[in-house]
Amino acid sequence: MIEIENVRKSFSSLEVLKGINLTVDKGEVVTIIGGSGSGKSTLLTCINGLEPIDSGRIRIDGTDVHAKGTDLNKLRRKVGIVFQQWNAFPHLTVLENVMLAPRKVLGLAKDKAEEIAVKQLTHVGLAEKLKVYPNRMSGGQQQRMAIARALAMSPEYMLFDEVTSALDPMLVGEVLDTLKMLAEEGMTMICVTHEMAFARDVSDRVAFFHQGVMAEIGTPDQIFAMPQNAETQKFLASVR
Amino acid sequence: MFNTALTWNDLAFLAQGAGMTLAVTAVAVTAGTLLGILFGVIRFQLGPYWAAPLTLLLDVFRSVPLLIQLVLGSAFQSIVKLGWGAFTTSGVVLSLYTAAFCAEIVRGGISSVPVTTRRAARSLGMTWWQDMRYIVAPLATRVSLPSWIGLTLGVMKDSALVLWLGLVELLRASQILVTRLQEPLFILLICGAIYFLLSFPVARFGGYLEKRWSPND
């Protein structure tokens, strides 16, 4: 369970998160929508401790992410994150990209790590690309590799930060299909996205962020069919 | 073609000098690179403000002519009574000189690794050290290699200045022969050819590595 309590965060004088409260249960898929600068991506990087927070608290299965004694490297094994920019390790093959963390972080033997990597890469449809270097693949393929790389750590939670925003429109579908597949498999996910159809399809709940505040949260039907908040209505009208 | 008094013994003498050049260069480049990596990482980690004293010190070694550094270094070690020989003194001064340049190369290499790539590594649970070792080091090495090869070749030639501390390296050996045989052009031609033979493999090895790594970028 991810518990976010009254989280505030500023970059110098700009307050990007103004007291966010959100609880995500095991197995739940929550998507976060909203305009740029609404703080949604920042929240994700705070959840796995890549960014510090100013006040409030984020707990993952009871562990306070930003407490002094927390071993973030250990915590991050159970919280995978995939970014807008897929951030392939360019000097490693696709297989090596996925094997690296299981070997070095989990300390698995080479053949065991390889077995996991092959399984995850097959899962996201890249079984043919094992020996290829990332720069020889399309953005969509590299993004799916990044997803496999995160999944190879057997995370209990996955965070997706606008994973299709930097892709050519024709490549968006393959990545969204991968996310859908994960959602159907029961992965606990928080997805920041601009893909409204996707949000409506896969989410248990949809949250709308506006200027650092979670303006509204509800089931996809509530948010997309009968939004209560004026800003939500405005935003949805603009993206339709 | 040449009517020369140069004997095989003289050539062996030149070869010995070349051996000294190689030894001084090997010490300076090895120690200088290790120190340079250390200083470069410290400079990068501390940022411009906190690393300012180190940066200033390295700037001194980068800007004062090497000859002056060698003479001052030699005088310093005798004043403090370190009891170093000419080879040790030369090695220490050249290493610091090399380290000062290498630190900049390393810092530039580390800066060239995108923050987002490092973030991805850390988000997989890698420690700072693992990120440095498996992501930053290989990527930064690729970027830094051409400058580092240039530095190595430069140091090999600059190492001729240690003759001022009394070491008989390649250039000094040539000078001695020139004084004795009075055939400056011919002997310096040989001397230059030997420098080339020493440098060429290093340059080609750099080229080979660059080529080997480039298809992955």
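Every chain begins its residue count from 1, and numbering advances along the sequence as written. Whichever chain is written first becomes A and whichever ligand is written first becomes 1, with later ones labelled in order. Since the coordinates come from a predicted model, pLDDT governs what is reported: local features require at least 70, and pairs of side-chain atoms require 80 or more to be given and counted, while whole-chain, interface and lining totals use all residues. The basis for every side-chain value is the complete set of heavy atoms in the structure, and neither hydrogens nor water enter the calculation.

**Thoughts on helix α4 (residues 110-123) of chain A**
Residue and element names in this part refer to chain A. Defined as follows: Helix and strand assignments follow DSSP, with helices taken as H or I runs no shorter than four residues and strands as E runs no shorter than two, numbered in order from the N terminus. Here the expected span of a helix is defined as 1.5 Å times the quantity of residues minus one. Think of it in three bands: residues with accessible area under 20% of the maximum for their type are buried, residues over 50% are exposed, and the middle band is partly exposed, with areas taken using a 1.4 Å probe on protein chains only. Think of the arc as the fan of directions from the helix axis to the C-beta atoms. Any two residues whose heavy atoms approach within 4.5 Å at even a single point are treated as in contact.
Look at α4: 20 Å from first C-alpha to last across 14 residues, which is about the 20 Å you get at 1.5 Å a residue. Taken together, the buried positions of α4 are occupied by A113, I116, A117, Q120 and L121. The arc that holds the buried residues of α4, viewed along the axis, is 130°, so those residues lie on one side. Looking at α4, the residues exposed on the side facing more than 90 degrees away from the buried face are D111, E115 and K119. Packed against the buried residues of α4 are α3 (94-104) and α5 (139-151). After α4 finishes, the residue G125 shows a positive phi value of roughly 80°.

**Examining the sheet that holds strand β1 (residues 2-11) of chain A**
All names here are of chain A. Heads up, the condition is: The pairing criterion is simple: DSSP has to find at least two bridges between the two strands.
One open sheet accounts for four strands, arranged β2-β1-β4-β5; its pairing is antiparallel. A single partner strand is all that each edge strand has here, and the edge strands are β2 (14-24) and β5 (63-64). Note that strand β4 (residues 55-60) and β5 share two bridges and pair antiparallel. Within β5, the position partnered with I60 by the bridge is T63.

**Examining the UniProt feature "domain: ABC transporter" (unreviewed entry) in chain A**
Defined as follows: UniProt positions are given in the numbering used here, feature names are shortened, and annotations may be inferred rather than shown by experiment.
Sites flagged by UniProt as "domain: ABC transporter" (unreviewed entry) map to residues 2-236 of chain A. Overall, residues 2-236 of chain A shows 37% helix and 26% strand. The separation of its end C-alpha atoms is 27 Å.

**So, the UniProt feature "domain: ABC transmembrane type-1" (unreviewed entry) in chain B**
Residues annotated in UniProt with the feature "domain: ABC transmembrane type-1" (unreviewed entry) correspond here to residues 18-206 of chain B. A helix fraction of 85% and a strand fraction of 0% characterise residues 18-206 of chain B, whose end C-alpha atoms lie 21 Å from each other.

**Examining the UniProt feature "transmembrane region" (unreviewed entry) in chain B**
Residue and element names in this part refer to chain B. Under the present numbering, the feature "transmembrane region" (unreviewed entry) in UniProt falls on residues 20-42, 49-72, 92-113, 134-155 and 185-203. Structurally, residues 92-113 is divided into 91% helix and 0% strand, and its ends, taken at the C-alpha atoms, are 31 Å apart. Here residues 134-155 is 100% helix and 0% strand, with 29 Å between the C-alpha atoms at its ends.

**A look at the nonpolar core**
Residue and element names in this part refer to chain A. Threshold: The criterion is simple. A nonpolar core is a set of buried Ala, Val, Leu, Ile, Met, Phe, Trp, Tyr and Cys residues joined through side-chain atoms within 4.5 Å.
Core analysis: the largest hydrophobic core is formed by 63 residues, its most contacted members being I4, I47 and F89. The residues touching I47, leaving out its near neighbours within four places in the chain, are I2, I4, I58, I60, V65, L159 and I190. In this structure, V82, V98, A113 and A146 belong to the second largest nonpolar core, which totals 39 residues.

**Focus on the pattern of salt bridges**
What counts is decided by this rule: By definition, a salt bridge exists where a carboxyl oxygen of Asp or Glu is found within 4 Å of a side-chain nitrogen of Lys or Arg.
Here the structure, examined in full by the defined rule, presents 19 salt bridges over all chains. For A:R205, the salt bridge identified is with A:E28, shortest N-O distance 2.6 Å. With a gap of 177 residues between them, A:R205 in strand β9 (residues 205-210) and A:E28 in the loop between β2 and β3 (29-34) connect regions that are remote in the sequence. Take A:R205: its relative accessible area is 23%, and that puts it in the partly exposed class. Taking the shortest distance from any N to any O, the salt bridge between B:D59 and B:R62 comes out at 3.0 Å. Here B:D59 and its partner B:R62 are both found in helix α2 (residues 52-63), three residues apart, which amounts to about one turn of the helix. For B:R62, a relative accessible area of 33% puts it in the partly exposed group.

**Regarding empty space enclosed by the protein**
What counts here: Cavities and pockets were defined on a 1 Å grid built from protein atoms only: a cavity is a group of points that admits a 1.4 Å probe but offers it no way out, a pocket is an open group of points flanked by protein on both sides within 12 Å along at least five of seven lines, and a lining residue is one with an atom within 4 Å of any such point. Grid points are joined across faces, edges and corners, and a volume is the space filled by probe spheres set on the points. Residue polarity is assigned by list, with Asp, Glu, Lys and Arg as charged and Ala, Val, Leu, Ile, Met, Phe, Trp, Tyr, Cys and Pro as nonpolar; anything else, Gly included, falls into the polar class.
In the structure shown here, the tally under the stated rule is two cavities of 30 Å³ or more. If you add up the space inside the largest cavity, you get close to 110 Å³. Looking at the lining of the largest cavity, the elements with two or more residues in it are β6 (79-82) and α5 of chain A together with α5 (115-123) of chain B. Examining the composition of the lining of the largest cavity, we find that four residues originate from one element, β6(A), more than from any other. Residue composition of the lining of the largest cavity, grouped by class: 11 nonpolar, four polar and three charged. Approximately 40 Å³ is the volume found for the second largest cavity. Every residue lining the second largest cavity is listed: A:F160, A:E162, A:V163, A:T164, A:L176, A:L179, A:C191, A:V192, A:T193 and A:F198. Of all the secondary structure elements, the ones that give two or more residues to the lining of the second largest cavity are α6 (169-184) and β8 (188-192) of chain A.

**Quick word on α2(B)**
For an α-helix the count is 3.6 residues per turn, leaving residues at separations of three or four pointing the same way. Taking 1.5 Å of rise per residue, 12 residues should cover 16 Å, and α2(B) covers 16 Å from first to last C-alpha, within 8% of that figure. Where α2(B) is buried, its residues meet α1 (8-50), α3 (66-79) and α4 (86-111) of chain B.

**Points about the sheet that holds β9(A)**
Residue and element names in this part refer to chain A. For clarity, the cut-off: Lines fitted to C-alpha atoms define the axes here, with helix axes fitted over just the stretch in contact, and angles between the N-to-C directions of these axes take values from 0 to 180 degrees.
The mixed open sheet is built from six strands, whose spatial order is β6-β7-β8-β3-β9-β10. What marks the edges here is a single partner per strand, and that holds for β6 and β10 (213-218). Pairs of neighbouring strands in the sheet enclose a mean axial angle of 15°, with direction left out of account. Two elements, strand β7 (residues 157-161) and β8, share five bridges in a ladder whose sense is parallel. Looking across to β8, one finds that M158 is bridged to M189. Across the face of the sheet, α5 comes into contact with β6 and β7 while running at roughly 170° to β6. Packing against the sheet, helix α9 (residues 230-239) makes contact with β3, β9 and β10, and its axis sits at approximately 100° to β9.

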